[in-house]
Amino acid sequence: MNKPRPKSPIGGIVHTYQKFNPTDFPSPTAEPVDLVSGAFEHALAYGGFRQLTEEELANAIHLDPSQIAGLGPSIDSLLAMLEERKRKILEKYQTDGLDKKANDRFEKISKRASPPSKLKGEFHKAVQSKQIYLLEQVWYRADRESRDFAAEVLNVMESLGDKYQIDDLISKYTFSGREKMDIPLAIEVKQELEKIDELIEQLKEAAKTAQIGLIDMEGLAEFAPAADLNQLEELRNQINNYVREMAEQQGLERDEKGNYQLTPKAHKIFQSRLLGRIFEHLKASRTGRHSGRIVGDGSVELPATKQYEFGDSIANLDTTQSVINAMLKRPDQRPLRLLPEDLEIHKTRNSPKCATVVAMDMSGSMRYDGQYMNVKRMGLALQGLISSEYPGDFLRFIEMYTFAKMRRPSEIVDMMPKPVTIHNPVVRLKADMSDQNVSEQDVPPHFTNIQHALRLARQNLATADTPNKQIVLITDGLPTAHFESETLFLLYPPDPRTEKETMREAIQCAKEGIVINLFLVPSWSQSEEDIRFAYRLAEQTKGRVFFTAGNDLDRFVLWDYVERKREILG
């Protein structure tokens, strides 16, 4: 008698697809592709929520190549096809003597030219030096004086351009064939090889980041079969649909023209990513309310309690400890009764508010090494921290340059370092800003007016209903502008007169209980005197000074804010 066959277990993944492997696709609960960070970094660098084209969005997105594995034609096969095409070209032709042929052609055409006496010296100098820009200067003059000679100069420039291309071809590629080329054919071969190299780079980038949208499909059509192109175009459409769906989920909206715009939702997502990056490496002793990975053992902080007193709210009763107290005092009592002396009450404390004004230097020198981007990134991160963790706190932003202006959080991205309009090594200017004929547009904007920023910050903090007030001053050095009444002074190199007025305003802030935290970022023009000024400001106002690398500015400011909150609460 034959035994019945055991039934095969049912379950697992059944492979019924032909175009792709479903195991390569991410889980629906996986972290979505980050489309916001690249777009925001672009906005921080260039200012403003400028609309993004499809190509700009594709440049900002890096997909997982495993997600497109098996879809469309193999990128490796297209790469192999292009490499084979390039190899055949290099093995077909030779370039021996081609550079001499191009040089002889240039000299022959230049000798045929008949320059007028006024231009003969300049023309021969341009020919001998073989510089196209010199020939262009001769052509501009000849076009007004001698049209026939101007046409001859154009022929000379064209032959010199061909010589440049031949030299570039020989230096860039190594030919091993036997078939000789004339100059027009060599230029055509050079253009084809450069196009192949460009497509190869695009395909390699697509293999790494799945950026199929960046591939020049028209250029690839010259070399790839039509069937492969159709499949690749289908793959690109699938990826574009995927990108559009992810963009909508992350707050990137499309306008009527199809361009992407950053919305407040994208703003919040970018801030949360900034905060996650800043706090992900906090030590266990500094975690606060922020989530993060804690490595190793640590002490468990128990809630503080006290014995019940008349008037305490029963809502804060520690029930567990109260019952334990009763059982320890009367272990044989049944049923157990709680007496007033058994009760334990959780200690409570108020959460005081903190008022902060951030003065961000946007003078001309902040363009160095992209420091302005670090400042703006810090501002967005601090605003995100306070709105999510300390929503009752007071926060204002000031843009500091020749003047000081209040800025809303939504305007931070738009701020850019002011263009330098005066290049004199010594500047001594003043402007009466009370004069109706004088406006801010008449004044060079790239100076640093710390005094005005401190005054504006002090005026804003005066209305805050909390004793915990601070100014976060971010700059790269000494002040170069100040007000005396309604008169604005612009003094460079930095003058003691400006420092005196700045110190006077800082001391007034200290008298009103405002702590000044100065964050000094590096700059190309920073000197020992800049550092000494930071020390003097801290000593005069009993404030603090931090010396930070620009890339760590957001971390230093946010950590200091959290630590200060802990001190206030403690």
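Residues numbered from 1 in each chain as written. Predicted model: local features only at pLDDT ≥ 70, side-chain atom pairs only at ≥ 80, totals over all residues. Heavy atoms only, no water.

The next thing to look at is the sheet that holds strand β7 (residues 355–361). The strand order across the open sheet formed by 6 strands is β9-β8-β7-β11-β14-β15, and the pairing between neighbours is mixed. In this open sheet, the two edge strands, each paired with only one partner strand, are β9 (404–407) and β15 (544–547). When strand polarity is set aside, the average angle formed by the axes of neighbouring strands in this sheet is 20 degrees. Sheet topology note: the strand β8 (residues 394–400)/β9 ladder contains 4 bridges and is antiparallel. Bridge pairing links Glu 399 to Lys 405 in β9. Contacts from helix α13 (residues 371–389) reach β7, β8 and β11 (469–475) within the one sheet, and its direction differs from that of β8 by about 170 degrees. Of the strands in this sheet, β7, β8, β9, β11 and β14 (514–520) are in contact with helix α14 (residues 450–461), which crosses β8 at around 160 degrees. (Pairing = 2+ DSSP bridges. Helix = DSSP H or I, 4+ residues; strand = E, 2+ residues; numbered from the N terminus. Axes fitted to C-alpha atoms, helices over the stretch in contact; angles between N-to-C directions. Contact = heavy atoms within 4.5 Å.)

Another point: unusual backbone geometry. Following Arg 334, the chain continues into Pro 335 via a peptide bond in cis, with omega recorded as -10 degrees. Tracing the backbone through its elements, the reader meets Pro 335 in the loop between α12 (319–329) and β6 (344–346). Put simply, Tyr 492 and Pro 493 share a cis peptide bond, and its omega is 0 degrees. On the secondary structure map, Pro 493 appears in the loop between β13 (487–492) and α15 (496–511). The backbone of Ser 485 shows a phi angle near 60 degrees, a positive value even though the residue is not glycine. By secondary structure assignment, the location of Ser 485 is in the loop between β12 (481–484) and β13. Accessibility expressed as a relative area gives 64% for Ser 485, which makes it exposed. (Buried < 20%, exposed > 50% of the residue type's maximum accessible area, 1.4 Å probe, protein only.)

Take α15 next. Taking 1.5 Å of rise per residue, 16 residues should cover 22 Å, and α15 covers 22 Å from first to last C-alpha, within 8% of that figure. Turning to α15, its buried residues are Thr 498, Glu 499, Glu 501, Thr 502, Met 503, Glu 505, Ala 506 and Cys 509. Considering only its buried residues, α15 is in contact with α14, β11, β12, β13, β14 and α16 (528–541). At the exit of α15 stands Gly 513, carrying a positive phi of roughly 80 degrees. (Expected span 1.5 Å × (residues − 1).)

Our focus in this paragraph is the packing of α15 against α16. At a closest axis distance of 9 Å, the pairing of α15 and α16 adopts a crossing angle of 35 degrees. The crossing of α15 and α16 is right-handed. Touching Glu 499, Thr 502, Met 503, Ala 506, Ile 507 and Ala 510 of α15 are Phe 533, Arg 536, Leu 537, Gln 540 and Thr 541, all from α16. Here the residues of the contact of α15 with α16 are counted per class, giving 6 nonpolar, 3 polar and 2 charged. (Left-handed = near helix turned anticlockwise from the far one by under 90°. Nonpolar A, V, L, I, M, F, W, Y, C, P; charged D, E, K, R; others polar.)

Time to look at the environment of Gln 202. Along the chain, Gln 202 turns up in helix α8 (residues 183–209). Residue classification places Gln 202 among the buried residues on the basis of a relative accessible area of 17%. Counting along the chain gives 123 residues from Gln 202 to Leu 79, while the straight-line C-alpha distance between them is 9.8 Å.

Following the sequence through the fold, Asp 530 ends up in helix α16. Buried Asp 530, no salt bridge; nearest opposite-charge side chain is Arg 536, N-O distance 8.5 Å. In terms of polar contacts, Asp 530 uses its side chain to reach the backbone amide nitrogen of Leu 478, at 2.8 Å. Discounting chain neighbours no more than four positions away, the residues touching Asp 530 are Asp 476, Gly 477, Leu 478, Leu 520 and Ser 525. (Lys, Arg positive; Asp, Glu negative; His and termini not counted. Salt bridge = Lys/Arg side-chain N within 4 Å of Asp/Glu carboxyl O. Polar contact = N/O pair within 3.5 Å; in protein donor to acceptor, adjacent residues only side chain to side chain.)

What follows covers the packing of helix α5 (residues 117–129) against helix α6 (residues 132–145). Between α5 and α6, the least distance of the axes is 9 Å, while the angle of their chain directions is 155 degrees. Relative to α6, the element α5 is oriented roughly antiparallel. Seen from above, α5 lies across α6 with left-handed handedness. For the pair α5 and α6, contact is made by Lys 118, Leu 119, Glu 122, Phe 123, Ala 126, Val 127 and Ser 129 and by Leu 134, Leu 135, Val 138, Arg 141, Ala 142 and Glu 145, respectively. For the contact of α5 with α6, a count of residues per class yields 8 nonpolar, 1 polar and 4 charged. (Parallel < 35°, antiparallel > 145°, perpendicular 65-115°, else oblique.)

Here we take up the pairing of β15. Where β14 and β15 come together, 4 bridges link them in parallel fashion. Paired with Leu 520 across the bridge in β15 is Phe 547. Viewed along the sheet, the connection from β14 through α16 into β15 turns out right-handed. (Right-handed = clockwise from strand over helix to strand, strands pointing away.)

Under the definition given, this model contains 27 salt bridges. One salt bridge in this structure joins Arg 85 and Glu 192, with 2.5 Å as the shortest N-O distance. One end of the pair, Arg 85, is in helix α3 (residues 75–92); the other, Glu 192, is in helix α8, with 107 residues separating them in the sequence. Judged by relative accessible area, which is 38%, Arg 85 ranks as partly exposed.

Another point: the confidence of the model for the chain. Looking at the chain, pLDDT values average 78 and 69% of them are 70 or higher. Considering only residues more than four positions removed or in separate chains, one finds that residues 13–26, a stretch of pLDDT under 50, has 18 contacts. Of the regions scoring below 50 in pLDDT, residues 281–301 engages in 16 contacts with residues more than four places distant in sequence or in other chains. (pLDDT = per-residue confidence, 0-100.)

Our focus in this paragraph is the packing of aromatic side chains. Within the structure shown, the criterion is met by 6 aromatic pairs. Relative to Tyr 140, the ring of Trp 139 lies with its centre 5.1 Å away and its plane at 65 degrees, an arrangement referred to as edge-to-face. On the basis of relative accessible area, Tyr 140 is assigned to the exposed category, the value being 54%. Here the aromatic rings of Tyr 401 and Phe 403 are separated by 6.2 Å at their centres, their planes lie at 75 degrees, and the arrangement is edge-to-face. Given a relative accessible area of 4%, Phe 403 falls into the buried group. Following the ring pairs from residue to residue traces out a cluster consisting of Tyr 401, Phe 403 and Phe 483. A cation over a ring is seen here: Lys 418 above Tyr 401, with NZ or CZ 4.5 Å from the ring centre. (Phe/Tyr/Trp six-rings, centres within 6.5 Å; stacked < 30°, edge-to-face > 60°. Lys NZ or Arg CZ within 6 Å of the ring centre and 35° of its normal.)

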